[in-house]
Amino acid sequence: MPLTEKEIANMKQLIRDQIENYPDLGGMVAEGKLSYKSGWYEANSKEAFDVFIQHAASVRVSKKGKTQIKVRGQSKRLKALAEKV
């Protein structure tokens, strides 16, 4: 079943949004909004949590009861595709 033009436009927009809205994790750690421990990130505020939760690969709770998130890396293939569309 082929995609309609509206579905194709929506897919292009989703790809662009995914690439353009990828958070600067290193910058957020440097600013103190996130903590990085052994491959896991902990948000120090609700705003920081909301920014990077959509890129989560795995979620767990630490022994201290804090939510820790492992973040997916930015996809090079998706970035190349976004440049083409």
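Here's what I pulled together on the structure shown here. (Residues numbered from 1 in each chain as written. Predicted model: local features only at pLDDT ≥ 70, side-chain atom pairs only at ≥ 80, totals over all residues. Heavy atoms only, no water.)

## Quick look at the side chain of Ser62
Piece 1. Along the chain, Ser62 falls in the loop between β3 (56-61) and β4 (67-71).
Piece 2. For Ser62, a relative accessible area of 17% translates into the label buried.
Piece 3. When residues no more than four places from it in sequence are discounted, the contact partners of Ser62 are Glu42 and Gln68. (Helix = DSSP H or I, 4+ residues; strand = E, 2+ residues; numbered from the N terminus. Buried < 20%, exposed > 50% of the residue type's maximum accessible area, 1.4 Å probe, protein only. Contact = heavy atoms within 4.5 Å.)

## Notes on the nonpolar core
Piece 1. Ranked by size, the top nonpolar core spans eight residues in total: Leu25, Met28, Leu34, Tyr41, Ala48, Phe52, Ile69 and Val71.
Piece 2. Put simply, the parts of the chain that give this core at least two residues each are α2 (25-31), α3 (46-52) and β4.
Piece 3. If we skip the residues at most four places from it in the chain, Ile69 touches Gly39, Trp40, Tyr41, Phe49, Phe52, Ile53, Ala56, Ser58 and Val59. (Core = buried A, V, L, I, M, F, W, Y, C linked by side-chain atoms within 4.5 Å.)

## Concerning the packing of helix α1 (residues 5-20) against helix α4 (residues 76-84)
Piece 1. Between α1 and α4, whose axes approach to 9 Å, the crossing angle comes to 125 degrees. Taken as axis vectors, α1 and α4 run oblique relative to one another. As α1 runs across α4, the sense of the crossing is left-handed. For the pair formed by α1 and α4, the contact residues are Ile15, Gln18 and Ile19 on the first element and Leu78, Lys79, Leu81 and Ala82 on the second.
Piece 2. Here the contact of α1 with α4 is built from residues that sort into five nonpolar, one polar and one charged. (Axes fitted to C-alpha atoms, helices over the stretch in contact; angles between N-to-C directions. Parallel < 35°, antiparallel > 145°, perpendicular 65-115°, else oblique. Left-handed = near helix turned anticlockwise from the far one by under 90°. Nonpolar A, V, L, I, M, F, W, Y, C, P; charged D, E, K, R; others polar.)

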